[in-house]
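The lines below spell out each chain.
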Amino acid sequence: MLKGKAAIVTGSTSGIGLGVARALAAAGADIMLNGFGDRAEIERTRQDLAQGFGVRVLYSDADMSDGAQVAGMVQTCAEGLGGVHVLVNNAGIQHTAAVDDFPDERWDSVIAINLSAVFHGIKAALPHMKAAGWGRIVNIASAHGLVASVNKSAYVAAKHGVIGLTKVVALETAETGVTCNAICPGWVLTPLVQKQIDALAAREGIAPDEAKVRLLSEKQPSKQFTTPEQLGELAVFLCGPAATNIRGASITVDGGWTAQ
Ligand code: NAD
């Protein structure tokens, strides 16, 4: 379905981004991977995707906290893969602290990576999509783009911002072949969430497995984690013909979290 299309997935060396990159590659898209991590492991992932799905796969080490590097990655994709047809803004970080204890530099990093990078990526990619007459922007927001939790001021502010930005871009592209939507996952068991489980286990003096159940029970009525594979399939659906008129939507995949 996506043969001949080039897709950038930010933060795709781990977790949800890797699940989305894999699903897009399985649908035939050439992929620009991005994110941090062990270089040898990233190269293995790059080769696995390329050989496993018969697509071209490049890797960019651009730091999403730097707008110029975000724009540079988009340009590298256009030159290396012949266009920028799909942009999945996924890279994200978390920091938890009460607002009156929240370190200024952590606020700045969370806003830069989780929100400003989405703006810089869209700004750089849109001209390529408009020129091609087709494009798909998928922003990985969060249940925290719709509702709040304590101790997550920067994250919740950034994710609410991503949902607002998604709507504006959808309106500005409404009469074009470009769509822009957000996916709002609840808990997904990735390194980002594992850190929160470990912190909960340490704080409460409980086993990691019990911390997992406690974390899910607090917010997610299904008491099941969403998987990166499920989110990858949803991203592929949003790139498909059935989703042509889905514009500015925030699609929850949260086990009922925001239905409460
Ligand atoms: P993760 O920690 O497994 O992966 C984050 C990815 O972003 C990694 O590839 C990392 O290298 C990359 N990254 C971090 N900082 C970067 C930077 N400055 N420049 C480039 N890449 C950078 O996390 P995840 O859980 O897979 O999260 C992915 C996205 O999904 C995030 O935006 C997160 O907010 C969102 N999300 C996650 C959950 C969840 O439960 N895990 C729920 C809702 C939303």
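Basis of the calculations
- Residues numbered from 1 in each chain as written.
- Predicted model: local features only at pLDDT ≥ 70, side-chain atom pairs only at ≥ 80, totals over all residues.
- Heavy atoms only, no water.
- Near = heavy atom within 4 Å.
- Polar contact = N/O pair within 3.5 Å; in protein donor to acceptor, adjacent residues only side chain to side chain.
- Areas by Shrake-Rupley, 256 points an atom, 1.4 Å probe, with all protein chains shown as cover.
- 1 Å grid on protein atoms, 1.4 Å probe; cavity = no way out; pocket = protein on both sides within 12 Å on 5 of 7 lines; lining within 4 Å.
- Sits in = over half its atoms within 2 Å of the grid points.
- Helix = DSSP H or I, 4+ residues; strand = E, 2+ residues; numbered from the N terminus.
- Phe/Tyr/Trp six-rings, centres within 6.5 Å; stacked < 30°, edge-to-face > 60°.
- Buried < 20%, exposed > 50% of the residue type's maximum accessible area, 1.4 Å probe, protein only.
- Lys NZ or Arg CZ within 6 Å of the ring centre and 35° of its normal.
- Contact = heavy atoms within 4.5 Å.
- Lys, Arg positive; Asp, Glu negative; His and termini not counted.
- Salt bridge = Lys/Arg side-chain N within 4 Å of Asp/Glu carboxyl O.
- Points joined across faces, edges and corners; volume = space filled by probe spheres on them.
- Nonpolar A, V, L, I, M, F, W, Y, C, P; charged D, E, K, R; others polar.
- Domains from an automatic or database assignment.
- Buried area = accessible area lost by both parts, 1.4 Å probe.

J.: Any chance you could explain the site of the ligand here in plain terms?
T.: Surrounding the ligand, one finds 31 residues, the nearest of these being Ser 14, Asn 90, Tyr 155, Val 188 and Thr 190. Measuring from an oxygen atom of the ligand, one finds a backbone N or O atom of Phe 36 at 2.9 Å. Its free accessible area being 830 Å², the ligand has 93% of it covered by the protein chains. Using a 2 Å cut-off from the grid points, one finds that the ligand occupies the largest pocket. For the shell around the ligand, the secondary structure elements donating two or more residues are helix H1 (15-26), helix H5 (153-172) and helix H6 (191-204).

J.: Explain the packing of aromatic side chains to me, please; I cannot follow it from the model alone.
T.: Describing an aromatic ring pair means giving the distance of the ring centres and the angle of the ring planes. With the rule as written, the count across this model stands at 1 aromatic pair. Centre to centre, the rings of Trp 187 and Trp 257 are 5.4 Å apart; their planes meet at 45°, and the pair counts as tilted. Taken together, the positions of Trp 187 in the loop between strand E6 (178-185) and H6 and Trp 257 in the segment after strand E7 (250-253) put the pair 70 residues apart, joining distant regions of the chain. When its relative accessible area of 6% is taken as the criterion, Trp 257 is described as buried. The ring of Trp 134 carries the charged tip of Lys 5 above its face, separated from the ring centre by 4.6 Å.

J.: I tried to follow the environment of Cys 180 on my own but got confused; where do I start?
T.: Note on placement: Cys 180 falls in strand E6. Between the alpha carbons of Cys 180 and Ser 153 there is a distance of 25 Å; along the sequence they are 27 residues apart. Setting aside chain neighbours within four positions, we find Cys 180 in contact with Ile 137, Asn 139, Thr 166, Val 169, Ala 170, Arg 247, Gly 248 and Ala 249.

J.: Could you clarify how one ought to interpret the side chain of Arg 136 in this entry?
T.: Turning to its location among the elements, Arg 136 is positioned in strand E5 (residues 135-140). Buried and unpaired, Arg 136 has no salt bridge, with Glu 233 as the nearest side chain of opposite charge at 14 Å. Reaching out from Arg 136, the side chain makes a polar contact with the backbone oxygen of Leu 238 at a distance of 3.0 Å. Ignoring sequence-local partners within four residues, the contact set of Arg 136 consists of His 85, Val 86, Leu 87, Met 129, Gly 177, Thr 179, Leu 238, Cys 239, Gly 240 and Thr 244.

J.: I tried to follow the layout of surface pockets on my own but got confused; where do I start?
T.: Approximately 1,300 Å³ is the volume attributed to the largest pocket. In this structure, the largest pocket is lined by 49 residues; those nearest its centre are Ile 93, Gln 94, Leu 192, Val 193 and Gln 196. Breaking the lining of the largest pocket down by element, the ones donating at least two residues are H1, helix H4 (104-132), H5, H6 and helix H7 (208-219). Residues of the lining of the largest pocket, tallied by class, amount to 21 nonpolar, 20 polar and 8 charged. Among the domains, domain 1 (6-187 + 226-259) and domain 2 (189-225) are the pair contributing at least three residues each to the lining of the largest pocket.

J.: Any chance you could explain the domain arrangement of the protein chain here in plain terms?
T.: How big an interface is tends to be expressed through the accessible area that disappears when the partners come together. Partitioning the protein chain into structural domains gives domain 1 (6-187 + 226-259) and domain 2 (189-225). Counting from both sides, the interface comprises 18 residues of domain 1 and, opposite them, 14 residues of domain 2. Around 1,200 Å² of area is buried between domain 1 and domain 2 when both sides are counted, 60% of it from carbon and sulfur atoms. Of all residues in domain 1, the largest losses of buried area upon contact with domain 2 belong to Trp 187, Thr 226 and Gly 255, amounting jointly to 51% of the total for that side. Taken together, the connections running from domain 1 to domain 2 amount to 0 salt bridges. Between the two partners, domain 1 and domain 2, sit 5 residue pairs in polar contact (both at pLDDT 80 or more). Taken together, the residues of the side of domain 1 that touches domain 2 break down into 5 nonpolar, 11 polar and 2 charged.

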